[in-house]
Amino acid sequence: PRVVPKELPIKPEVVVIPVPAPAPKPIAPVQPKEGKQPVKKTSVSFYGSLLSVNFPEPDKFKLANIEETTLADAWKQLADKKYDVVLSNLLTIRETMRLSDWGYLRLVQQITEKHYGTTNEATFMQAYLMTQSGYKVRISKSQDALHLLVACEYKLFNYNYYIVDNERYYALEQGIGKVKICPAAVKQEQALSIQIKEPQLLEVELSDKRTLRSQKGVSVSLSLNKNEIDFYDKYPHGFLGDINCSYTAVYANTPLDTTIQEQLYPAFQKVIQKMNQKDAANILLNWVQTAFEYEYDEKVWGGERAFFPAETLFYPYCDCEDRSILFSRLVRDLLHLEVVLVHYPGHLATAVRFTEDVRGDYITYNGKKYVVCDPTFIGAAVGRTMPDMDNQTAEVIVLQ
């Protein structure tokens with residue numbers, strides 16, 4: 001008998017992830033006195049990249065204590081144009097390496113701690129540099145120690161936070177307890193984003209080759225940038241509003257870097273170039289279903305962990321959300337079709353908006369038909385929903 005496609009009922013709310021704002025601009029013109037003042041170079045290895053930042057020489061920045069008057073005087077000292085050289089160097093690195101907001105924060109921390117040590121001076125300098133870069137941060141203190149608090153557009157897992165003016169500010173350290181927070185703010189400040197708009201241009205250190213072969217015979221051998229994998233390893237996990245599943249969009253919207261694309265995409269393009277959209281999608285779907293070994297995060301990692309697309313290609317095991325995230329990336333890049341993530345209780349799949357007539361189970365969002373594609377339902381072609389997943393509790397996550 002003919003199988004009648006079924007439309008999956010979804011909840012009225014649909015998770016639409018906003019397009020990330022451009023990186024904030026400095027709150028004041030940065031006019032370093034390069035060549036007009038003595039400087040001393042401080043260098044760090046940042047995920048394989050040797051980076052150097054100039055500091056004024058001599059740098060006499062020192063906090064006698066952390067009383068409010070002392071901190072106010074210190075801020076005036078740092079506002080001297082001679083420290084523009086530090087800010088200018090960091091902003092240049094942010095631009096040339098295409099660092100995400102979180103990546104830039106980590107760079108600022110690493111450079112200042114290399115220059116000043118793990119001290120109150122380093123923390124205070126971090127707050128100053130992040131503020132001058134346009135980010136929304138606050139300084140807090142507990143007993144004799146200063147701490148940096150950072151506003152973020154996402155709610156972050158496993159980070160303690162403090163409420164300031166009805167907004168969450170996250171502590172980058174664990175267990176600092178009760179603090180007193182300086183309320184000083186600037187008009188142009190912008191909360192950090194954990195979305196990654198473009199690949200981070202980190203130094204390339206390739207891993208051993210890994211061969212991934214599907215049941216339909218598509219085989220790809222590729223090496224991953226270990227520095228990029230290390231960058232993702234400590235990346236924060238967060239969600240928008242009260243929709244916990246929205247965190248998956250951060251991973252799915254992150255592009256694969258050109259090193260991966262140049263190894264991965266030609267193999268698919270050779271196979272699918274003359275296919276219709278459904279057949280091409282089935283090739284990609286079968287590859288993601290059968291080229292990877294499934295395992296639960298709890299068994300491998302001891303708890304829930306989502307992968308960026310590059311991580312799924314690197315690590316030996318993955319689960320439903322990792323496969324859906326990777327598949328959504330492949331469809332958008334290779335077929336240039338819209339994809340949404342479909343979140344069920346305990347499961348994640350995708351749905352594709354084909355521009356050709358493709359039949360099968362589907363959902364309707366914004367007047368458009370999206371056909372279900374489940375990268376974990378092994379052997380299931382485009383249009384088939386995993387059993388017991390067509391229920392009233394599915395949520396749609398719209399991707400960029």
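Residues numbered from 1 in each chain as written. Predicted model: local features only at pLDDT ≥ 70, side-chain atom pairs only at ≥ 80, totals over all residues. Heavy atoms only, no water.

Trainee: Tell me about the overall build of the protein, and name the residues and values.
Mentor: In terms of regular secondary structure, the protein is built from eleven helices and 19 strands. Computed over its C-alpha atoms, the radius of gyration of the protein comes to 24 Å, within 12% of the 21 Å expected for a compact globule of 400 residues. If one aligns the C-alpha atoms of the protein with their principal axes, the spans along those axes are about 85 × 40 × 40 Å. Looking at the protein residue by residue over its 400 residues, the buried ones come to 55%. The long-range fraction of contacts in the protein, counting pairs at least 24 apart against all pairs at least 6 apart in sequence, stands at 66%. Of the roughly 18600 Å² of accessible surface on the protein, 49% is carried by carbon and sulfur atoms. Charge-centre separation for the protein: the mean point of 45 positive side chains lies 4 Å from the mean point of 49 negative side chains. (Helix = DSSP H or I, 4+ residues; strand = E, 2+ residues; numbered from the N terminus. Rg over C-alpha atoms; globule rule 2.2 N^0.38 Å. Buried < 20%, exposed > 50% of the residue type's maximum accessible area, 1.4 Å probe, protein only. Contact = heavy atoms within 4.5 Å. Areas by Shrake-Rupley, 256 points an atom, 1.4 Å probe, with all protein chains shown as cover. Lys, Arg positive; Asp, Glu negative; His and termini not counted. Charge placed at Lys NZ, Arg CZ, Asp CG, Glu CD.)

Trainee: Hey, could you go over the nonpolar core for me, with residue numbers and the actual values?
Mentor: Here is a general trend for soluble globular proteins: nonpolar side chains tend to be buried in one another's company. One finds Leu264, Trp287 and Leu313 to be the most contacted residues of the largest nonpolar core, which totals 111 residues. Those residues within four positions of tryptophan 287 in sequence are excluded, and the remaining contacts are Leu212, Arg213, Ser214, Val218, Val220, Leu264, Phe268, Phe292, Leu313, Leu326 and Leu330. Counting 17 residues, the second largest nonpolar core, distinct from the first, contains Val340, Val342, Phe377 and Val398. (Core = buried A, V, L, I, M, F, W, Y, C linked by side-chain atoms within 4.5 Å.)

Trainee: Explain the pairing of strand E5 (residues 145–151) to me, using residue names and the numbers behind them.
Mentor: Along E5, six of the seven residues are buried, which leaves the element largely enclosed by surrounding structure. As paired elements, strand E4 (residues 137–142) and E5 share six bridges and run antiparallel to each other. For isoleucine 139, the partnering residue across the bridge sits in E5 and is leucine 148. From the end of E4 to the start of E5, which pair antiparallel, there are two residues, and glutamine 143 there has a positive phi angle of about 55 degrees. Here three bridges tie E5 to strand E8 (residues 167–171), and the two strands are oriented antiparallel to one another. When the bridges of E8 are listed, leucine 149 appears paired with alanine 171. (Pairing = 2+ DSSP bridges.)

Trainee: Give me the lowdown on the sheet that holds strand E15 (residues 338–344), citing residues and values where you can.
Mentor: Taken in spatial order, the six strands of this open sheet run E1-E19-E15-E16-E18-E17, and their pairing is mixed. At either margin of the open sheet sits one strand with a lone partner, and together these are strand E1 (14–16) and strand E17 (362–365). Strand after strand, the sheet turns through a mean of 30 degrees between neighbouring axes, direction not considered. The pairing of E15 with strand E16 (residues 347–353) spans seven bridges and is classified as antiparallel. Following the sheet pairing, valine 340 is matched in E16 by alanine 351. On top of the sheet, helix H11 (residues 320–335) reaches E15, E16 and strand E18 (368–373); it is set at about 15 degrees to E16, its chief contact. (Axes fitted to C-alpha atoms, helices over the stretch in contact; angles between N-to-C directions.)

Trainee: Help me get a handle on the environment of alanine 23, residues and values and all.
Mentor: Inspection of the secondary structure assignment puts alanine 23 in the loop between E1 and strand E2 (39–46). Accessibility expressed as a relative area gives 32% for alanine 23, which makes it partly exposed. With 168 residues separating them along the chain, alanine 23 and alanine 191 place their C-alpha atoms 10.0 Å apart. Beyond its immediate sequence surroundings of up to four residues, alanine 23 is in contact with Arg94, Asp101, Tyr135, Gln190 and Lys197.

Trainee: So what about the pattern of salt bridges? Which residues, and what values?
Mentor: For the structure on display, the rule yields 14 salt bridges. Lysine 62 is paired through a salt bridge with glutamate 121; the nearest N and O atoms lie 3.8 Å apart. In this pair, lysine 62 is assigned in the loop between strand E3 (49–56) and helix H1 (68–78) and glutamate 121 in helix H4 (residues 120–132), connecting sequence segments 59 residues apart. For glutamate 295, the salt bridge identified is with lysine 299, shortest N-O distance 3.5 Å. A relative accessible area of 64% places lysine 299 in the exposed class. Within the structure, one salt-bridge network assembled from shared partners comprises Asp233, Lys234, Arg305 and Glu311. (Salt bridge = Lys/Arg side-chain N within 4 Å of Asp/Glu carboxyl O.)

Trainee: Describe H11, with residues and values.
Mentor: Across its 16 residues, H11 extends 21 Å between first and last C-alpha, which sits within 8% of the 22 Å expected from 1.5 Å per residue. A positive phi of about 55 degrees marks histidine 336, the residue just after H11. (Expected span 1.5 Å × (residues − 1).)

Trainee: I'd like a description of the sheet that holds E5, backed by residues and values.
Mentor: The antiparallel open sheet is built from five strands, whose spatial order is E7-E8-E5-E4-E9. Looking along the sheet, the strands with just one partner apiece sit at the ends: strand E7 (161–164) and strand E9 (180–181). Bridge count for E7 against E8 is four bridges, and the pairing is antiparallel. Across the sheet, isoleucine 163 pairs through a bridge with arginine 168, a residue of E8. Helix-sheet contacts for H4 involve E4 and E5, and the interaxial angle to E5 is about 25 degrees.

Trainee: Now, about the packing of aromatic side chains: what can you tell me, with residues and values included?
Mentor: Taken as a whole and assessed by the stated rule, the structure comprises 25 aromatic pairs. With a centroid separation of 5.1 Å and 50 degrees between ring planes, the pair formed by phenylalanine 157 and phenylalanine 239 is classed as tilted. Of this pair, phenylalanine 157 sits in the loop between strand E6 (155–156) and E7 while phenylalanine 239 sits in strand E12 (residues 238–239), and the two are 82 residues apart along the sequence. Grouping aromatic residues by their ring pairs yields a cluster made of Phe46, Tyr47, Phe231, Tyr232, Tyr235, Tyr247, Tyr251 and Phe308. One residue, arginine 94, lies across the ring of tyrosine 104, its end atom 5.2 Å from the ring centre. Its guanidinium or amino end placed over the ring of tyrosine 362, lysine 369 lies 4.9 Å from that ring's centre, counting from NZ or CZ. (Phe/Tyr/Trp six-rings, centres within 6.5 Å; stacked < 30°, edge-to-face > 60°. Lys NZ or Arg CZ within 6 Å of the ring centre and 35° of its normal.)

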